[in-house]
Each structure stands twice: as structure tokens, then as C-alpha cells.
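Summary of the model geometry
Chain by chain, the residues run as shown.
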Amino acid sequence: MSTFKDKVVLVTGGASGIGYLLGKKSLVKGADHLIIWDINSDLLEDACTKLTDSGYNVFTQKVDVSNPMEVERAAALTLQKFYMVHILF
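Attention here is on the structure that accompanies the text. Quick caveat: nothing in here was measured; it's all calculated off a predicted structure. (Residues numbered from 1 in each chain as written. Predicted model: local features only at pLDDT ≥ 70, side-chain atom pairs only at ≥ 80, totals over all residues. Heavy atoms only, no water.)

It is worth spelling out the packing of helix H1 (residues 17-28) against helix H2 (residues 41-53) at this point. With their axes 12 Å apart at the nearest point, H1 and H2 run at an angle of 20° to one another. Taken together, the axis directions place H1 and H2 in an arrangement best described as roughly parallel. The interaxial crossing formed by H1 with H2 has right-handed handedness. When H1 is examined against H2, the residues Tyr20, Lys24 and Leu27 are found in contact with a partner set consisting of Ala47, Lys50 and Leu51. Each residue belonging to the contact of H1 with H2 can be placed in one class, and the counts come to four nonpolar, no polar and two charged. (Axes fitted to C-alpha atoms, helices over the stretch in contact; angles between N-to-C directions. Helix = DSSP H or I, 4+ residues; strand = E, 2+ residues; numbered from the N terminus. Parallel < 35°, antiparallel > 145°, perpendicular 65-115°, else oblique. Left-handed = near helix turned anticlockwise from the far one by under 90°. Contact = heavy atoms within 4.5 Å. Nonpolar A, V, L, I, M, F, W, Y, C, P; charged D, E, K, R; others polar.)

Pasting the structure below:
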């Protein structure tokens, strides 16, 4: 995919480090919404605050991706809210 414009991007482990940078860069490149899944609630809150304060649309969920049931629950909620995810990191 060559463009992020108007896309919904989901980043697992996106509350810090490389995941956070991927999400932020996606927004800078024109993504419409960023969904961040991470296991750390505090980092999720910080990342969401930083990005929304910059004017971006961000949705976060606490998800342990090593737990299949949590992934299924989070995926169902994500699809209910956004219908589809265009890009997954």
C-alpha cells in the first residue's frame, strides 16, 4: 500500500518505542484513525493523550496479544467501531 491517506491503521505494541513511532508516522502521513493495542495501560493513556493533543484520531485498547481470547475480543470491538482496518503493524 503506497498511501496512508484516510486509512485506519492498527499498531500492536503501539504505546511506546517503534510501535508508537509507526503509529505517529502513519498519522503524519495522513491516516484517518490510529488504533493502538498494548498491554500497558499507563503507556496507552500517555500515547493517546500525546497524539490526540496533536489533533489526531486515536482509539486505544488494552490487549495482551499472546492471549487469543483477548485478541478476538479486541478485534470484534475494533471491527464494530471501524468496520475494517486497512493497515496492521
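What follows concerns the side chain of Gln61. With respect to the helices and strands, the residue Gln61 is situated in strand S3 (residues 58-62). Classification of Gln61 by relative accessible area gives buried; the value is 5%. At 2.7 Å, the side chain of Gln61 and the side chain of Thr78 are in polar contact. For Gln61, the contacting residues outside a window of four places in its chain are Ile35, Ile36, Trp37, Asp38, Leu44, Arg73, Ala74, Leu77 and Thr78. (Buried < 20%, exposed > 50% of the residue type's maximum accessible area, 1.4 Å probe, protein only. Polar contact = N/O pair within 3.5 Å; in protein donor to acceptor, adjacent residues only side chain to side chain.)

With that out of the way, let us pick up unusual backbone geometry. At Asp6, a residue that is not glycine, the phi angle is positive and equals roughly 65°. The residue Asp6 is located in the segment before strand S1 (8-12) in this model. For Tyr83, which is not glycine, the phi torsion reads 70° and is therefore positive. Of note, Tyr83 is situated in the loop between helix H3 (68-82) and strand S4 (87-88).

Here the focus is the nonpolar core. Of all hydrophobic cores here, the largest spans 13 residues; its most connected members are Val9, Leu27, Leu34, Ile36, Leu51 and Val58. Among the elements of the structure, S1, H1, strand S2 (33-38) and H2 are those that each provide at least two residues to this core. Per element, the largest residue contribution to this core is three residues, and it comes from H2. Setting aside residues up to four positions removed in sequence, Leu34 forms contacts with Val9, Val11, Gly23, Lys24, Leu27, Leu51, Asn57, Val58 and Phe59. (Core = buried A, V, L, I, M, F, W, Y, C linked by side-chain atoms within 4.5 Å.)

Before going further, it helps to spend a moment on H1. Here H1 spans 17 Å end to end across 12 residues, near enough to the 16 Å set by a 1.5 Å rise per residue. Residues of H1 that are buried include every one of Gly19, Tyr20, Gly23, Ser26 and Leu27, and no others. Along H1, the residues classed as buried sweep out an arc of 125° about the axis, all on the same side. Opposite the buried face of H1, at more than 90 degrees from it, the exposed residues are Ile18 and Leu21. Among the residues trailing H1, Gly30 stands out with phi positive, at a value near 110°. (Expected span 1.5 Å × (residues − 1). Arc of directions from axis to C-beta.)

In short, shape yes, function no, at least from these values alone.
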